[in-house]
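# Fold and contact review
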Amino acid sequence: MFYQAVKFVLLPLLRLIFRPRIEGLEHLPEDGAAIIAGNHLSFADHFVLAVIVPRRVTFLAKSEYFTGSGLKGRLTAAFFRGLGQIPVDRSGGRASQAAISSGLSVLRDGQLLGIYPEGTRSHDGQLYKGRTGVASMAIQTGVPVIPCAMIGTFEAQPTGRLVPRFKRISIRFGAPLGFSRYEGMADDRFVLRAATDEIMYAILTLSGQEYVDMYAVDARAQAQAPVHAEGLTA
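Below is a short write-up of the structure. (Residues numbered from 1 in each chain as written. Predicted model: local features only at pLDDT ≥ 70, side-chain atom pairs only at ≥ 80, totals over all residues. Heavy atoms only, no water.)

### A short note on the pattern of salt bridges
Side chains carrying opposite charge are able to pair once their charged atoms draw close together. Cut-off, in case you're wondering: For this analysis, a salt bridge means a side-chain nitrogen from Lys or Arg found within 4 Å of a carboxyl oxygen belonging to Asp or Glu. For helices the rule is a DSSP run of H or I covering at least 4 residues; for strands it is a run of E covering at least 2, with both sets numbered from the N terminus onward. Burial classes: relative accessible area under 20% of the type maximum marks a residue as buried, over 50% as exposed, and values in between as partly exposed (1.4 Å probe, protein chains only).
Here the structure, examined in full by the defined rule, presents three salt bridges. Its salt-bridge partner being Arg181, residue Glu198 comes within 2.5 Å of it at the nearest N-O pair. Of this pair, Glu198 sits in helix 7 (residues 189-207) while Arg181 sits in the loop between strand 8 (170-173) and helix 7, placing them 17 residues apart in sequence. With relative accessibility at 29%, the residue Glu198 sits in the partly exposed group. The salt bridge involving Arg193 is made with Asp197; its shortest N-O contact spans 3.1 Å. With a gap of four residues between them, Arg193 and Asp197 both fall in helix 7, about one helical turn apart. Residue classification places Asp197 among the partly exposed positions, given a relative accessible area of 33%.

As structure tokens, this is what we get:
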């Protein structure tokens, strides 16, 4: 009920601010489980996808959105839960496995799962190397992966900008990708990498971004590292 109320309030607001163009919505299944795998350019991506897709989409979102203190923290957590998002710890190791388990539970319930394979927002608008969790979930469950590209959200609300600009954006959904040929091979890291790279290439084709073959979190850390006067990174 709260989910529908949030969508009812957000939809006209997002239409006013972003005037979104939507392509390929027919690729989303009307029922049954599937993974929507998209690029991640802006904080606004969470809201735009949740509102645009007719069915409820459950997203794996960073746990920090759910752990804030005070009234603001509680309201933020309630809002994200209302949008169908579940917290995940992004610290790696066992936390990564817990995130995959949460995603598998959503898919086995026949729902749509939204995930950003890059693992975090792009700090510069480029597309970065995908984490293999999306491939693992697709192979284990046999569900299709629908690639998705957000275009223009980086310019509308880049990292660090609180209030988005009034700017038109586009959302493109691609044809579903199937990985039945890898059935029973979800523990093979080479298979997971191959499947993930296929997903990322589909997103790249839709988005037209420049691709960087490194993880977004590493690229951001590298960009933020102090530099000595002679130009050498500390």
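So much for the structure itself; the text now carries on.
### Topic: the sheet that holds strand 4 (residues 85-88)
Put simply, the rule is: Note on pairing: DSSP must find at least two bridges between two strands before they are called paired. The axes are straight lines fitted to the C-alpha atoms, using for helices just the contacting stretch, and the angles between their N-to-C directions are given from 0 to 180°. Pairs of residues are marked as contacts when any of their non-hydrogen atoms sit within 4.5 Å.
With respect to topology, seven strands assemble into an open sheet ordered 1-8-7-2-5-3-4, the strand pairing being mixed. Taken across any chain shown, the strands that pair with only one partner, and hence form the sheet edges, are strand 1 (21-23) and strand 4. Geometrically, the sheet is characterised by an average inter-axis angle of 20° between neighbouring strands, direction not taken into account. Relative to strand 8, strand 7 (residues 145-151) runs antiparallel, the two sharing four bridges. Bridge pairing in strand 8 places Cys148 opposite Phe173. Sitting on the sheet, helix 5 (residues 133-141) touches strand 2 (34-38), strand 3 (57-62), strand 5 (112-115) and strand 7, and the angle it makes with strand 2 is about 165°.

### Section: the layout of surface pockets
Here is the rule we go by: Cavity and pocket criteria rest on a 1 Å grid covering protein atoms alone: a 1.4 Å probe that fits but cannot get out defines a cavity, protein on both sides within 12 Å along at least 5 of 7 lines defines an open pocket, and an atom within 4 Å of a point defines a lining residue. Grid points are joined across faces, edges and corners, and a volume is the space filled by probe spheres set on the points. As a working rule, the residues Ala, Val, Leu, Ile, Met, Phe, Trp, Tyr, Cys and Pro are called nonpolar, Asp, Glu, Lys and Arg charged, and the rest polar, with Gly in that last group.
Here the second largest pocket defines a volume of roughly 650 Å³. Forming the walls of the second largest pocket are 25 residues, and the residues nearest its centre are Phe43, Phe47, Phe79, Gln157 and Leu162. Secondary-structure elements contributing two or more residues to the lining of the second largest pocket are helix 1 (2-18), helix 2 (44-52) and helix 3 (70-82). Per element, the largest residue contribution to the lining of the second largest pocket is six residues, and it comes from helix 3. The class makeup of the residues in the lining of the second largest pocket is 15 nonpolar, six polar and four charged.

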